[in-house]
Amino acid sequence: MSEPKDAAARRAVPPVICYPNDTLPQPDLALYAAARAGAVKTAEVRVEPREAATFHVPAGQFFRISSVDGPQVGDLNLWNADDLTERFYSGKTRALHGTHLARGERMWSSLPSLRPMATITEDTLGWYGIDGFGGSVHDVIGTRCDPYTGNLLAGGQYHHCCHSNLTRALADQTGLPLHEAERHVHDVLNVFMCTGFTRDTGQYFMKASPVRPGDYLEFFAEIDLLGALSACPGGDCSAQHSSDRAACYPLLVEVFAPAPGALEGWSSPALNGYDRTHGRGPVAGHSE
Ligand SMILES: [Zn+2]
């Protein structure tokens, strides 16, 4: 394939950021930190290796995901606790914040709600930054390991991919049949996972997570949340997933409630302000 004469000039055009995010509503991290300082633990759930567990976090409370026993990656799904159709939107979160999430950034919900579901308030892996391979932690570029892709690439019937773990956990939590619960499982925040895209081929890569027991990622719940976390069968994701070969460890989820009055001035974010008419007049049932 021959290149045009001005190929170098075309490649040299500098990029522009698709979604400049300096107009995004900013979280009041100082207020959250003050509220967290006086918070008390109200619940905890242990996620067993190659399994998933669900948890509830009321709006205005915190949840912490911790590494215990050994390096382990977690796949996180979030839903509006009162409406499973409002769920974490990995793609738009990536467009707004970039490939990996850090302290102060948000997990945004699906259209038409598009509002912050949770804000990252603490990250003990915040020191990691972006390594020499272009890798970083807590990505929103992967999806979740699933048995369909496993079957496509290698055949077989493996039942403990994060997709299946999350499906079983949500079915158990809600009473929905498995095939209905499965439809609510969505692309995840890859907690602690270290990933990037190769520079030469642009392929999604993973490498051993730098997480160690005691490390944690903590969130402020902006709305009432139902969460599900899977302890990925890939363990630290240093070699492979979608099998029982990797060393796997549990993860711990803890919920903390601030003291009454500690969030003075904060309110749970409203649904997105777009009127949903799409240029064709009022929508029945839309009440703003
Ligand atoms: Zn997984």
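Our structure is the block above this text.
This structure is a prediction, so every number in the text was calculated from the model and none was measured.

### Notes on the overall build of the protein chain
Assigned secondary structure in the protein chain consists of six helices and 13 strands. Taken along its principal axes, the extent of the C-alpha atoms in the protein chain is 65 × 50 × 40 Å. Taken over 288 residues, the protein chain has a buried fraction of 49%. Nonlocal contacts in the protein chain, meaning residues at least 24 apart in sequence, comprise 76% of its contacts between residues at least 6 apart. As displayed, the protein chain offers around 14,500 Å² of accessible surface, 54% of which is attributable to carbon and sulfur atoms.

### Notes on the side chain of histidine 163
Tracing the backbone through its elements, the reader meets histidine 163 in helix α5 (residues 162–174). By relative accessible area, histidine 163 is classed as buried at 6%. Separated by 2.8 Å, the side chains of histidine 163 and glutamate 182 make a polar contact. With residues up to four places along the chain from it excluded, the contact list for histidine 163 reads Arg144, Cys145, Asp146, Pro147, Tyr148, Glu182 and Val185.

### Here we look at helix α2 (residues 29–37)
Listing the buried residues of α2 in full gives Leu31, Tyr32, Ala35 and Arg36. For α2, the buried positions fall inside an angular range of 135° around the axis, keeping them on one side. Within α2, the exposed residues directed more than 90 degrees away from the buried face are Ala30, Ala34 and Ala37. Buried residues in α2 make contact with β3 (62–67), β6 (106–108), β7 (116–123), β11 (216–221) and β13 (251–257).

### Looking at unusual backbone geometry
The peptide bond linking leucine 111 to proline 112 adopts the cis configuration, its omega dihedral lying at 5°. Tracing the chain through its elements places proline 112 in the loop between β6 and β7. Positive phi, close to 30°, is recorded for leucine 114, a residue that is not glycine. Within the secondary structure, leucine 114 is located in the loop between β6 and β7. Owing to a relative accessible area of 21%, leucine 114 belongs among the partly exposed residues under this scheme. A positive phi angle, near 70°, is found at phenylalanine 192, a position not held by glycine. Structurally, the position occupied by phenylalanine 192 is in strand β9 (residues 189–197).

### Examining the sheet that holds β11
Strand order in the open sheet formed by six strands is β1-β13-β3-β11-β7-β6, and the pairing between neighbours is antiparallel. Strands at the two margins of the open sheet, each flanked by one partner only, are β1 (40–47) and β6. The mean inter-strand angle of the sheet, taken between neighbouring strand axes irrespective of direction, is 25°. Direction of pairing for β3 relative to β13: antiparallel, over a ladder of six bridges. Its bridge partner lying in β13, serine 67 is registered against leucine 251.

### Focus on the nonpolar core
One finds Phe63, Ile65, Leu76, Leu78, Leu189, Phe219 and Leu225 to be the most contacted residues of the largest nonpolar core, which totals 34 residues. The element contributing the most residues to this core is β9, with four residues. In contact with phenylalanine 63, not counting residues within four places along its chain, are Phe55, Val57, Leu76, Leu78, Ala118, Leu217, Glu218, Phe219, Leu225, Glu254 and Val255.

### As for the environment of threonine 201
Here threonine 201 lies in the loop between β9 and β10 (204–207). Along the primary structure threonine 201 and phenylalanine 256 are separated by 55 residues, whereas in three dimensions their C-alpha atoms are 43 Å apart. One polar contact links threonine 201 to threonine 198, side chain to side chain, over a distance of 2.7 Å. A polar atom in the side chain of threonine 201 sits 3.0 Å from the side chain of glutamine 203.

### Things to note about the side chain of glutamate 222
Inspection of the secondary structure assignment puts glutamate 222 in the loop between β11 and β12 (225–231). Polar side-chain contacts of glutamate 222 include one of 2.6 Å to the side chain of tyrosine 32. Those residues within four positions of glutamate 222 in sequence are excluded, and the remaining contacts are Tyr32, Ala59, Arg106, Pro116, Met117, Ala118, Thr119, Trp266, Ser268 and Pro269.

### Quick notes on the packing of aromatic side chains
The way to describe two aromatic rings as a pair is by their centre distance and the angle between their planes. If you walk through the whole model with that rule in mind, you get seven aromatic pairs. An angle of 50° between the planes, with centres 6.2 Å apart, marks the rings of phenylalanine 197 and tyrosine 204 as tilted. Here tyrosine 204 falls in the partly exposed class, since its relative accessible area comes to 37%. The rings of Tyr32, Phe62, Phe220 and Trp266 are connected pair by pair, giving a single aromatic cluster. If you follow arginine 36 out to its NZ or CZ, it ends over the ring of phenylalanine 256, 3.8 Å from the centre.

So, how was this worked out
- Residues numbered from 1 in each chain as written.
- Predicted model: local features only at pLDDT ≥ 70, side-chain atom pairs only at ≥ 80, totals over all residues.
- Heavy atoms only, no water.
- Helix = DSSP H or I, 4+ residues; strand = E, 2+ residues; numbered from the N terminus.
- Buried < 20%, exposed > 50% of the residue type's maximum accessible area, 1.4 Å probe, protein only.
- Contact = heavy atoms within 4.5 Å.
- Areas by Shrake-Rupley, 256 points an atom, 1.4 Å probe, with all protein chains shown as cover.
- Polar contact = N/O pair within 3.5 Å; in protein donor to acceptor, adjacent residues only side chain to side chain.
- Arc of directions from axis to C-beta.
- Pairing = 2+ DSSP bridges.
- Axes fitted to C-alpha atoms, helices over the stretch in contact; angles between N-to-C directions.
- Core = buried A, V, L, I, M, F, W, Y, C linked by side-chain atoms within 4.5 Å.
- Phe/Tyr/Trp six-rings, centres within 6.5 Å; stacked < 30°, edge-to-face > 60°.
- Lys NZ or Arg CZ within 6 Å of the ring centre and 35° of its normal.

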